Amino acid sequence: MNFDARKYVIITFVVLVGLIYAMRIFYMQVMDDTWTLRAQEIAEKRKEITPPRGVLFDRNGKKIVSNRTYYNLMMVEADIKNLDTVAFAKLIGWTREEVRQRFIDIREGEGVYRNKHTGKTTPNYQKIRAYPFLKELTLDEIANIAPHLEDFPGFYEEVTSMRSYPFANGANIVGYLSEVNAEEVDADHFYKPGNNIGRAGLERYYEKELRGRKGIRYIVTSAMNNAIEPYADGKYDTTALQGPALKLGVDILLQAYGEKLLQNKRGCIVAIEPSTGEILALVSAPSYDPNLLIGKRNISTNYPKLLKDPNMPLLPRPLSSEYPPGSTFKLLNSLIGLQEGVITPESGFPCNKSVVGCHNHASAGNLADAIKHSCNPYYYAVTRRIIQQGKKRSNFEDAEIGLNLWAKYMHSFGLGQKLETDITGLRAGTIPDAAYYDKWYGHHRWAFSTIRSISIGQGEVMLTPLHMANIAAIIANRGWYITPHFVKSIGKNGPLPEFRKKHYAMVESRHYATIVEGMRRVVHEPGGTGKRAQLKDIIVCGKTGTVQNPHGDDHSVFVAFAPMYKPKIAIAVFIENAKGGGGFWAAPTAGLMIEKYLTRKITEKEREKIILEANFVYK
Ligand SMILES: [Zn+2]
């Protein structure tokens, strides 16, 4: 070969190589999608490690929600090779038919995705995804299975954890977990089929904190799809991080005691630390043992039963039951009357029973005595002065202005709106204003005489027991509140900023002394309606209420705080269908709760026995 010929060959070779190279690049970028498939394959080989959820402690460091380790037997259909169904069924103790059916159930359980534009449906189930084949196995159960899994490629064990509740109390506070549905998996990439999510209570409100951070391990598989090695030496792996611990303001022993007092009753107890707004106890009766709703096996048998129970144990009554506040509402009408200057602490009104019924007592010559006797005619007179201040010549226009002002005051006490606490299921209650009555009676067609039952907390006014306890906290603080809440700290961080803010009611603090003195007389003076809340060494300030119930026996209500100075606890007790009124049942229950919290012991054993034995649940 001469030089020219050789040169020609070399040039041809270079050009050809260049051409092939260019084509290869073009092919890689445009034609060949195995590269993207390869990337996807690696992504699908992410192995997720779900950490145990954050645990919950009560205010004294008692663990009230913890975790127990369980195992899931996971399955990836794409990795299954020549499954020996007989051997596999034998390993897990099932029949062949049950194994086959389980595959079908997993596939169908995922449902289908329907494209809105084309109308085409595609199954959500994907062969390359991991699904739990068996769930919630104990260590003993998985120990029999795991050593043999190498004979069954496509199956592997996964450590998981489930909740455990050392105390059988506070179910309506902590809530429960259950498995995510297909929509939740789509909406939040954190979740994979088989994961749990908070369904109610604090588990739901603090889901994002409690669930922690998942760990991810990237795994490279060979062409045969079975040799496994960490991808890039684990450089991109992240470790699982348990959610932070939540410390609650709840005193679990007080909570347990409250639940015991309300056994065989329907009702609520809400106790709050006035200075911080921390909820000390939130009793909803009847309740249930939170351990009944741990895991799929338990939930499927127990949840339907709880749901069907006519006494509604799943209902968080203190947050979502609305009741008329009854005479406890007189405390607020007193405060508004003082602030508006339409009464003074020395104002007296006759107990005129021709206006509205009352019990037998001497007419109240001052405000504190009116509270002590809970005099109905007195409060008609006070509230009339608030609503009809004579600002307009027309009685109707005057009432419109007066009622809207009154409603504004009530809103400043957190009423007629949801108290934005850290739990779901809250109701707003009702504080009627002019627009509300216009709908009922027509514009300028009503005046105080039409709506006067609001004077004594009946009629259209509705509050939740949480609202009522918060009223006690506001009076204990002489004029302000911090939104009642459960969580004191999340890990090392203090309460959320919204739970540090003081909200001031529209009544100045100087007006509270008379009301507090009236509440002291209710409990500690002869003729007071709440004497059964009395304690020997602690001054309890309280107010009784009896709520008329068109469906049966009256409800018994009591709000209180103690001690009188530097109060440590504010409380509302609401007992449904308790014959005998607020003084008879709710007051002693509140007294026992206060003593338990402040002294850790009970001296009034006889009183305790009567409450424990009372049964107001109709069977
Ligand atoms: Zn009276």
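Before reading on, note that the structure itself is shown above.
This structure is a prediction, so every number in the text was calculated from the model and none was measured.

**Some points on the overall build of the protein chain**
Regarding its fold elements, the protein chain presents 23 helices and 20 strands. Scaling as 2.2 N^0.38, a compact globule of 619 residues should have a C-alpha radius of gyration of about 25 Å, whereas the protein chain reaches 33 Å, well beyond that. Dimensions along the principal axes, computed over C-alpha positions, put the protein chain at roughly 130 × 60 × 45 Å. Taken across its 619 residues, the protein chain has 50% of its residues classed as buried. Taking the contacts inside the protein chain whose residues are at least 6 apart along the sequence as the reference set, 69% of them involve residues at least 24 apart. The distance from the centre of the 80 positive side-chain charges to the centre of the 64 negative ones in the protein chain is 5 Å.

**A word on the coordination of the zinc ion**
With distances of 2.1 to 2.4 Å, the protein atoms coordinating the zinc ion are Cys-351 (SG), Cys-358 (SG), His-361 (NE2) and Cys-375 (SG). We note that the donor set of the zinc ion lies within a single chain, spaced as C-x6-C-x2-H-x13-C. In this pair, Cys-351 sits in the loop between α13 (330-340) and α14 (367-373) while His-361 sits in the loop between α13 and α14, placing the two residues ten residues apart along the sequence. By the burial criterion, Cys-351 is buried, and His-361 matches it.

**Re the sheet that holds strand β13 (residues 267-273)**
Backbone hydrogen bonds hold the strands of a sheet together, and the pairing may be parallel or antiparallel. Spatial ordering of the open sheet is given by β14-β13-β20-β19-β18, a layout of five strands whose pairing is antiparallel. Of all strands in the sheet, those with a lone pairing partner are β14 (278-285) and β18 (541-547), marking the two edges. Direction aside, neighbouring strands of the sheet carry axes that sit 5 degrees apart on average. Two elements, β18 and strand β19 (residues 555-562), share seven bridges in a ladder whose sense is antiparallel. Paired with Thr-544 across the two strands is Phe-558, which belongs to β19. Most of the contacts of helix α10 (residues 252-261) go to β14, to which it runs at about 25 degrees, and overall it touches β13, β14 and β20 (569-575).

**Examining the packing of α13 against helix α15 (residues 376-387)**
It is at 10 Å that the axes of α13 and α15 come closest, and there the two elements cross at 40 degrees. Overall, the two elements α13 and α15 adopt an arrangement that is oblique. Considering how the two elements wind past one another, α13 and α15 form a crossing that is left-handed. Where α13 approaches α15, its residues Lys-330, Asn-333, Ser-334, Ile-336 and Gly-337 are matched on the opposing element by Asn-376, Tyr-379, Val-382, Thr-383 and Ile-386.

So, how was this worked out
- Residues numbered from 1 in each chain as written.
- Predicted model: local features only at pLDDT ≥ 70, side-chain atom pairs only at ≥ 80, totals over all residues.
- Heavy atoms only, no water.
- Helix = DSSP H or I, 4+ residues; strand = E, 2+ residues; numbered from the N terminus.
- Rg over C-alpha atoms; globule rule 2.2 N^0.38 Å.
- Buried < 20%, exposed > 50% of the residue type's maximum accessible area, 1.4 Å probe, protein only.
- Contact = heavy atoms within 4.5 Å.
- Lys, Arg positive; Asp, Glu negative; His and termini not counted.
- Charge placed at Lys NZ, Arg CZ, Asp CG, Glu CD.
- Donors = N, O, S within 2.8 Å, 3.2 Å for Na, K, Ca; no water.
- Pairing = 2+ DSSP bridges.
- Axes fitted to C-alpha atoms, helices over the stretch in contact; angles between N-to-C directions.
- Parallel < 35°, antiparallel > 145°, perpendicular 65-115°, else oblique.
- Left-handed = near helix turned anticlockwise from the far one by under 90°.

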